[in-house]
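Geometric and topological summary
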Amino acid sequence: MKHTVLSSLLFALLLCACHGNQTDLKQDTGITVEKAYQGVGNYCHEAYGWSGAEDVEPSQDDAPLMYLEMGEESATEYQVVFRSYTGTFVYFYVDKASGSTRMEEYVPALDIRSDAGTIDLQDYLPKED
């Protein structure tokens, strides 16, 4: 009887250990902060003609006219912020698990926010072999 109970406990522990490894594996295949930044940068290059540091021109206070930076992070998504030369901000909300990304534009001079659509971040990342 003791042997059966001990075997059952050992089996339950093995199942828990395997389940934990599957969760870790799933997290490893999700979107990292680096992938979020790279994918949004590639999208901005294609959609807005932004080419990163090459296009940076200082304004009067030496701030770049166009830039990309990481914003806030939650448990489920990354925020990546693109500032265009017009002063408009595009906020990209990247789902960490799927790469599904919703966009919101904000024009500070007019205090206008608007939905700017969605993209699949995977479409803007290098294909993995």
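Residues numbered from 1 in each chain as written. Predicted model: local features only at pLDDT ≥ 70, side-chain atom pairs only at ≥ 80, totals over all residues. Heavy atoms only, no water.

1. Structural notes on a nonpolar patch on the surface
Where nonpolar side chains cluster on the molecular surface, the patch consists of Val33, Tyr37 and Met70 and spans about 220 Å² of accessible area. Positionally, tyrosine 37 belongs in helix α2 (residues 33-48). Judged by relative accessible area, tyrosine 37 falls into the partly exposed class, the value being 37%. (Patch = residues over 30% accessible without salt bridge, like charges linked within 9 Å, V, L, I, M, F, W, Y side chains within 5 Å. Areas by Shrake-Rupley, 256 points an atom, 1.4 Å probe, with all protein chains shown as cover. Salt bridge = Lys/Arg side-chain N within 4 Å of Asp/Glu carboxyl O. Helix = DSSP H or I, 4+ residues; strand = E, 2+ residues; numbered from the N terminus. Buried < 20%, exposed > 50% of the residue type's maximum accessible area, 1.4 Å probe, protein only.)

2. Some points on the pattern of salt bridges
Scanning the entire structure with this criterion turns up three salt bridges. With a shortest N-O distance of 2.7 Å, glutamate 73 and lysine 96 are connected by a salt bridge. Here glutamate 73, found in strand β1 (residues 67-73), pairs with lysine 96, found in the loop between β3 (89-95) and β4 (100-107); they are 23 residues apart in sequence, far enough to count as distant. Judged by its relative accessible area of 53%, glutamate 73 falls in the exposed class. As a salt-bridge pair, arginine 113 and glutamate 104 come within 3.1 Å of each other at their nearest N and O atoms.

3. Some details on the packing of aromatic side chains
Counted by the stated rule, this structure contains six aromatic pairs. Between tyrosine 43 and phenylalanine 92, the ring centres sit 5.7 Å apart and the planes meet at 70 degrees, which makes this aromatic pair edge-to-face. Linking tyrosine 43 in helix α2 with phenylalanine 92 in strand β3, this pair joins segments that are 49 residues apart in sequence. Across the pair, phenylalanine 92 and tyrosine 43 agree in class, each one buried. Here tyrosine 43 and tyrosine 124 contribute two aromatic rings whose centre-to-centre distance is 5.2 Å and whose plane-to-plane angle is 90 degrees, an arrangement assigned as edge-to-face. (Phe/Tyr/Trp six-rings, centres within 6.5 Å; stacked < 30°, edge-to-face > 60°.)

4. Thoughts on the nonpolar core
Membership of the largest hydrophobic core comes to 19 residues, with the highest contact counts inside it found for Val40, Cys44, Phe82, Phe92 and Val94. Of all the secondary-structure elements, those providing two or more residues to this core are α2, β2 (77-83) and β3. Here this core gets four residues from one element, more than from any other, and that element is α2. Look past the residues within four positions of valine 40 in its chain and what remains in contact with it is Leu68, Val80, Phe92, Val94 and Leu121. If you look at the next biggest cluster of nonpolar residues, it comprises five residues, including Phe89, Tyr91, Tyr93 and Tyr106. (Core = buried A, V, L, I, M, F, W, Y, C linked by side-chain atoms within 4.5 Å. Contact = heavy atoms within 4.5 Å.)

5. Some thoughts on α2
Since the α-helix advances by 3.6 residues per turn, residues separated by three or four positions end up pointing in the same direction. Across its 16 residues, α2 extends 22 Å between first and last C-alpha, which sits within 8% of the 22 Å expected from 1.5 Å per residue. Taken together, the buried positions of α2 are Ala36, Gly39, Val40, Gly41, Tyr43 and Cys44. In the core, the buried residues of α2 are packed alongside β1, β2, β3, β4 and β5 (112-120). Two residues or fewer past α2, glycine 49 is found with a positive phi of approximately 70 degrees. (Expected span 1.5 Å × (residues − 1).)

6. A look at the confidence of the model for the chain
With 67% of its residues at a pLDDT of 70 or more, the chain shows a mean pLDDT of 79. Taken together, the stretch residues 3-28 has pLDDT below 50 and engages in zero contacts with residues farther than four places along the chain or on a different chain. Across residues 54-59, confidence stays below pLDDT 50; counting only partners more than four residues off in sequence or on other chains, it has nine contacts. (pLDDT = per-residue confidence, 0-100.)

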